[in-house]
Structures are given as C-alpha cells and as structure tokens.
Amino acid sequence: MSKLLIVGTVAFDAIETPFGKTDKILGGAATYIGLSATNFNVPSAIVSVVGNDFPKENIDMLAKRDINVSGLEIVKDGKTFFWSGRYHNDMNSRDTLETQLNVLENFSPVVPEAFKNAPVIMLGNLHPLVQLSVIEQMETRPKLIVLDTMNFWMDIALEDLKKTIAKVDVITINDEEARQLSGEYSLVKAARIIEKMGPKYVVIKKGEHGALLFHEDQMFFAPALPLEEVFDPTGAGDTFAGGFTGFLASTEDYSFKNMKKAIIHGSNLASFCVEKFGTERMEQLSKEEINNRLKMFKKLTQFEIDLA
Ligand code: AMP
C-alpha cells in the first residue's frame with residue numbers, strides 16, 4: 001500500500017477579501033494538502049508543529065479523516081504560526097500583511113516511523129531546511145519528492161531553498177515566484193532554468209488561469225474551472241498540491257502521462273477550496289461533488305479538431 005507524507009505549516013490565518021474578513025481561522029499549507037489528499041485512497045501523515053493555543057478540535061478533525069497526526073508536535077507555551085493576507089479585487093494577487101513564525105522558528109521535524117518508507121513526500125510551504133530535514137530522515141529515497149514554496153522563503157532563505165530544491169523531483173510554484181526564482185519573465189524560460197536547479201518536473205500555478213506542467217521538451221496546460229463566485233483563494237495552491245500528490249501516490253504511477261491526470265485532479269479540488277473562507281468547503285466535500293466537477297472539467301477541455 002502506498003503512503004503520502006506531508007510537511008507544511010498548520011496555522012492560524014486571518015484573511016481579507018473583497019467579500020469579507022475573518023478572525024484567526026484554521027489554515028496552513030499542510031492542513032489544506034491533507035484535506036485535499038484524503039480524497040484519494042492513500043494513507044497520509046502530517047509532520048508539522050503548533051502551539052498550545054491550537055484547538056484540539058482542529059487536530060481531531062484531521063485525525064477523523066484518517067490523517068496520521070503523530071508527527072504534529074504541540075509545543076507547550078508556544079504560539080501557533082500565524083499568517084494574515086489581503087486579496088486585491090481581482091482575487092488573483094494578494095499582499096501578506098503579517099507572518100508570525102512563532103513555534104516554526106525552532107521546529108525540528110520528526111517523521112513518524114511508519115512513514116519513513118513513504119514512496120511520496122509532499123514538502124509543503126515552510127522553512128526549506130525543515131523540508132530538507134524530512135528528506136534526510138527517510139529510510140529509502142522516496143519515488144517522488146514534490147516541493148512547494150513561496151516568495152517569503154526566497155526572500156529570507158534562498159541558499160537553503162536552492163539546496164533543498166536540488167533534491168526534489170517536482171516543484172510546484174506560482175507564476176510570480178517562478179519569475180523571482182529564475183530571474184526570467186517568460187514562464188517557459190523560467191521552467192527551463194528551474195529544471196536545471198534539480199526538479200525534473202516544474203508545475204507553475206497561475207491561479208484562476210490554470211496550471212502548466214513542464215518536463216524536458218514536453219508541456220501540458222490545465223485551465224482552472226471558471227467559477228461564478230470565488231470567496232477566498234487561500235489554500236488553493238496547497239489544495240492543488242494535495243490533489244496532485246494524493247492522486248499520484250494512490251496510483252503509484254509517476255510518469256508525465258499520469259502527472260497530467262494529477263494536475264486535473266489538483267485543479268478540480270482547488271476549485272472547491274476557493275468557494276468558501278478557509279478550510280470550510282474542503283471539510284464538507286463529497287465524492288459525488290468531486291466526480292461531477294471532474295466531468296465538467298473534461299467537457300471544458302475536450303474538443304475535436306480536423307487536421308488538414
Ligand atoms: P496558498 O494560498 O495555497 O498559497 O497557501 C496559503 C496557506 O499558506 C495559508 O493557510 C498560510 O497559513 C500558509 N502560509 C502563508 N505564508 C506562509 C509561509 N511563509 N510559510 C508557510 N506557510 C505559509
């Protein structure tokens with residue numbers, strides 16, 4: 001049986017969008033990845049850290065979905081990672097208002113014994129040295145290591161990030177971050193440069209404009225499902241990553257061909273995430289809703305064309 005090991009923040013977020021504002025609510029890269037990946041038939045575990053201000057109900061909610069939380073450390077007298085952001089009117093761009101690392105500052109991750117042989121690791125957004133430490137704790141080299149990161153870490157830990165990127169198979173990154181990391185405006189050129197840093201596959205997320213997959217001279221594009229209403233894009237990238245890796249781990253096929261399907265599953269799940277604030281929508285999702293929307297995706301992207 002395959003396994004998926006997930007690393008990333010488990011957090012409090014405060015979000016402002018043109019539709020409203022939240023106080024501290026449940027968020028974090030690993031939370032979204034885990035909630036998304038549980039939609040596939042694969043055991044998963046989260047490695048992360050929270051403070052003692054973190055409600056037990058949130059941990060129970062993850063555990064109830066069969067996510068192994070034995071690697072989620074609770075620091076007594078510590079405060080949980082906090083992020084706040086404000087979205088612009090187009091909802092495609094946002095400003096980070098505040099990032100409080102808190103317990104993340106001195107975090108040494110411990111991979112649960114039962115997951116040291118996991119064939120797939122999803123290194124969600126957090127300090128690149130924490131991501132690296134997780135890779136180093138694995139007993140056998142995983143079949144697929146996927147890394148997600150953001151501009152915050154490029155700004156404060158670029159050399160550590162490059163060291164970690166060199167060890168992964170796939171990087172998922174948004175368009176602006178791909179430009180920042182590569183120094184190239186063209187996403188095609190940016191992907192080529194990033195491939196030279198280590199990952200054989202580069203996924204560039206373009207928010208409501210979909211996602212691109214690059215591998216050597218091959219390229220694949222999947223649109224985002226056009227939605228009538230987007231309430232809160234927070235976590236869409238992580239939900240995408242959870243769907244991408246959850247599908248790949250469950251199928252145990254890490255080929256370019258199967259990655260195309262994984263991108264569709266990731267995009268499909270991300271389309272739900274943005275419909276409500278925070279994790280709310282992902283906590284309520286049914287198999288039937290997922291399948292119906294996959295059918296819409298298929299219809300949206302399939303066409304016949306006669307070639308002369
Ligand atoms: P996304 O919208 O998919 O890019 O991810 C949003 C999530 O990332 C939020 O729930 C935040 O808690 C988390 N986050 C924000 N900044 C950071 C950071 N510097 N490191 C790790 N996680 C972060």
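The structure under discussion appears in the preceding block.
About the criteria used
Residues numbered from 1 in each chain as written. Predicted model: local features only at pLDDT ≥ 70, side-chain atom pairs only at ≥ 80, totals over all residues. Heavy atoms only, no water. Buried < 20%, exposed > 50% of the residue type's maximum accessible area, 1.4 Å probe, protein only. Helix = DSSP H or I, 4+ residues; strand = E, 2+ residues; numbered from the N terminus. Pairing = 2+ DSSP bridges. Contact = heavy atoms within 4.5 Å. 1 Å grid on protein atoms, 1.4 Å probe; cavity = no way out; pocket = protein on both sides within 12 Å on 5 of 7 lines; lining within 4 Å. Points joined across faces, edges and corners; volume = space filled by probe spheres on them. Nonpolar A, V, L, I, M, F, W, Y, C, P; charged D, E, K, R; others polar.

Enquirer: Sorry if this is basic, but what is going on with the pairing of strand E12 (residues 201-205) here?
Expert: Burial analysis of E12 places 5 of its 5 residues in the buried class, the great majority of the element. Judged by which residues are buried, E12 turns out to be covered on both faces: Tyr201, Val203 and Lys205 on one side and Val202 and Ile204 on the other are all buried. In the sheet, E12 pairs with strand E13 (residues 211-215) via 4 bridges, with the strands oriented antiparallel. For lysine 205, the partnering residue across the bridge sits in E13 and is alanine 211. Between E12 and E13, which pair antiparallel and follow one another directly, the connecting turn spans 5 residues, one of which, glycine 207, has a positive phi of 55 degrees.

Enquirer: For this particular structure, what's the right way to read helix H3 (residues 128-137)?
Expert: Within an α-helix, residues lying three or four positions from one another point in the same direction, as the helix has 3.6 residues per turn. For H3, a buried count of 7 out of 10 residues is recorded, marking the element as mostly surrounded by other parts of the structure. Listed as buried for H3 are Pro128, Val130, Gln131, Leu132, Ser133, Val134 and Ile135. Check the buried side of H3 and you find it contacts strand E1 (4-7), strand E9 (120-123), strand E10 (144-148), helix H4 (151-156) and helix H5 (158-165).

Enquirer: Would you explain the layout of surface pockets in this entry?
Expert: Any space left empty among the atoms is revealed by the rolling of a water-sized probe across them. Of the volumes computed, that of the second largest pocket is approximately 230 Å³. What lines the second largest pocket is Phe220, Lys257, Lys260, Lys261, Ile264, His265, Leu294, Phe297, Lys298 and Thr301. Residue assignment for the lining of the second largest pocket shows that the elements contributing at least two residues are helix H9 (256-273) and helix H11 (287-301). Here the lining of the second largest pocket gets 5 residues from one element, more than from any other, and that element is H9. Its residues placed into classes, the lining of the second largest pocket shows 4 nonpolar, 2 polar and 4 charged.

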